[in-house]
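Examination of the molecular architecture
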Amino acid sequence: MRWLVAGLVAVLVALVVGVSLGPVSLPPGSVAAELLNLFPGVHLDSGLTEREIAIVTELRLPRVVLGLLVGGLLALAGGCYQGVFRNPLADPYLLGVAAGAGLAVTAAIALGGAGRQGTLSGLPMTIPLAAFAGSLLAVTMTYVLGAAGGRRGSPAMLILAGVAVSAFLSAGQTYLLQRHADSIQPVYSWLLGRLATAGWHDVLLVLPYAALTTVVVLLHRRELDVLAVGDDEARSLGLHPQRTRYLLIAAASLGTAAAVSATGLIGFVGIIVPHTVRLLAGSSYRVILPMSLLFGGAFLALTDVVARTVAAPSELPIGVVTALLGGPFFVLVLRTARRVLT
């Protein structure tokens with residue numbers, strides 16, 4: 001219970017801090033009061049002007065909420081993949097989701113003419129749909145290749161298949177980048193991850209997928225604890241390991257694809273957050289998954305604050321910040337992991 005409270009507090013702190021800080025700094029107390037005013041029946045005097053209220057509700061709040069959703073999804077998917085594959089290095093990009101999304105968006109811009117005005121925000125539906133389709137295509141390719149390699153459903157084979165698919169799709173993306181360098185400049189900011197163009201439309205686009213992924217994964221968190229002891233033991237307890245594994249992979253991949261389609265490629269969240277939760281709260285996925293959801297959202301929202309303030313008035317891509325944090329963390333996990341492929 002105390003970890004649940006800690007996670008909720010982290011989300012609330014990230015929400016207030018994310019809305020308060022920016023080119024125009026606002027008092028956290030006034031921001032908190034204005035956020036409470038969004039609830040029916042609450043009428044508090046925040047002391048903010050009409051312009052400042054508009055900054056809170058129309059500019060910063062949707063950006064922070066999107067960061068909470070995307071960070072939570074990526075961390076939840078990372079924890080889920082680590083449990084399914086029994087692999088401490090698994091993260092949402094293991095199955096080629098990021099490479100598939102990147103290739104699809106690059107193709108949409110280079111071949112379809114999207115984004116030639118120099119921005120992706122003018123096409124709020126085309127780009128996310130292309131990324132989502134590419135993500136699902138990559139996951140399907142990984143499934144097919146993993147099954148063709150024998151040892152049906154082997155976590156090791158799925159991991160190797162994901163690496164192969166990612167390499168193949170990344171090569172296709174590099175080819176398109178070189179062939180159409182004059183028309184795809186907007187794709188670079190997307191590839192590095194961004195929340196700068198987020199609006200309520202983006203939040204509504206991600207929300208249904210986030211809800212579906214969260215419900216499916218959290219309802220099966222106990223099964224992940226059972227899978228950790230091995231497939232034979234799981235079968236003896238009445239669990240269908242392959243059915244559960246593929247259901248969880250599909251749910252986690254769906255959430256990751258939705259997150260990637262809205263904000264671009266943001267790496268390492270799925271490694272940093274679940275491992276930190278595991279160190280603090282134990283190894284049971286009944287705790288790891290819900291806490292990863294909460295702390296992952298808080299982590300990405302606060303990381304976005306760093307991205308838009310550390311080099312103000314310019315803004316760093318959030319993917320750069322998470323990579324700077326995640327690179328050393330990945331090395332630490334790599335050194336301490338006892339089993340990479342089991």
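The name given to the protein in an unreviewed UniProt entry is Iron complex transport system permease protein, with the source organism recorded as Micromonospora saelicesensis. Per UniProt, the protein carries the Subcellular location (unreviewed entry) text "Cell membrane". Taken from UniProt, the Sequence similarities (unreviewed entry) comment for the protein reads in full: "Belongs to the binding-protein-dependent transport system permease family. FecCD subfamily."

By the secondary structure assignment, Glu34 is in helix α2 (residues 28–36). The buried category is assigned to Glu34, whose relative accessible area is 9%. Residues Glu34 and Ile53, spaced 19 residues apart in sequence, show a C-alpha to C-alpha distance of 7.5 Å. With residues near it in sequence (within four places) discarded, Glu34 still touches Ser46, Leu48, Ile53 and Val56.

Right, let's talk about the packing of aromatic side chains for a bit. Here the structure, examined in full by the defined rule, presents one aromatic pair. The interplanar angle of 10° and the centroid separation of 5.9 Å between the aromatic rings of Tyr81 and Phe85 together place this pair among those described as stacked. Of this pair, Tyr81 and Phe85 both sit in helix α3 (residues 50–85), four residues apart, which is roughly one turn of the helix.

Moving on: the UniProt feature "transmembrane region" (unreviewed entry) in the protein. UniProt marks residues 64–81, 93–114, 126–145, 157–178, 198–219, 246–273, 285–306 and 318–337 with the feature "transmembrane region" (unreviewed entry), using the numbering shown here. The distance from the first to the last C-alpha atom of residues 64–81 is 26 Å, and the span holds 100% helix and 0% strand. What you have in residues 157–178 is 100% helix and 0% strand, and the ends, taken at the C-alpha atoms, are 32 Å apart.

Another aspect to go through is the environment of Leu247. As for its placement among the helices and strands, Leu247 is situated in helix α11 (residues 241–263). The spatial distance from the C-alpha of Leu247 to the C-alpha of Val216 is 8.4 Å, given a sequence separation of 31 residues.

Before going further, it helps to spend a moment on the pattern of salt bridges. On inspection of all chains with the given rule, the structure shows five salt bridges. A salt bridge links Arg63 to Asp304; the shortest N-O distance between them is 2.8 Å. Of this pair, Arg63 sits in helix α3 while Asp304 is found in helix α13 (residues 285–309), placing the two residues 241 residues apart along the sequence. Look at Arg63 and you get buried, because its relative accessible area is 10%. Look at Asp304 and you get buried, because its relative accessible area is 2%. Residues Arg235 and Asp232 are paired through a salt bridge, measuring 3.2 Å at the closest nitrogen-oxygen approach. Note that Arg235 and Asp232 are positioned in helix α10 (residues 231–236) at a spacing of three residues, about one turn of the helix. Arg235 sits in the partly exposed class, given a relative accessible area of 44%. A single network of salt bridges, built from pairs that share partners, joins Arg63, Asp304, Arg308 and Glu315.

What counts as what
Sequence positions are assigned chain by chain, starting from 1 and proceeding in written order. This being a predicted model, a pLDDT of at least 70 is required before a residue's local features are given, and a value of 80 or more before pairs of side-chain atoms are given or counted; all residues contribute to the totals for chains, interfaces and linings. Note: side-chain values were computed over all heavy atoms of the structure, leaving out hydrogens and water. UniProt positions are given in the numbering used here, feature names are shortened, and annotations may be inferred rather than shown by experiment. Runs of H or I in DSSP of at least four residues are treated as helices and runs of E of at least two as strands, each being numbered from the N terminus. The rule is simple: take the accessible area with a 1.4 Å probe, protein chains only, and divide by the maximum for that residue type; under 20% is buried, over 50% is exposed, in between is partly exposed. Whether two residues touch is decided by their heavy atoms; if any such pair falls within 4.5 Å, the residues are in contact. Note on aromatic contacts: the rings of Phe and Tyr and the six-membered ring of Trp form a pair at centre separations within 6.5 Å, being stacked when their planes are under 30 degrees apart, edge-to-face when over 60 apart, and tilted otherwise. The salt bridge definition used is simple: a Lys or Arg side-chain nitrogen within 4 Å of an Asp or Glu carboxyl oxygen.

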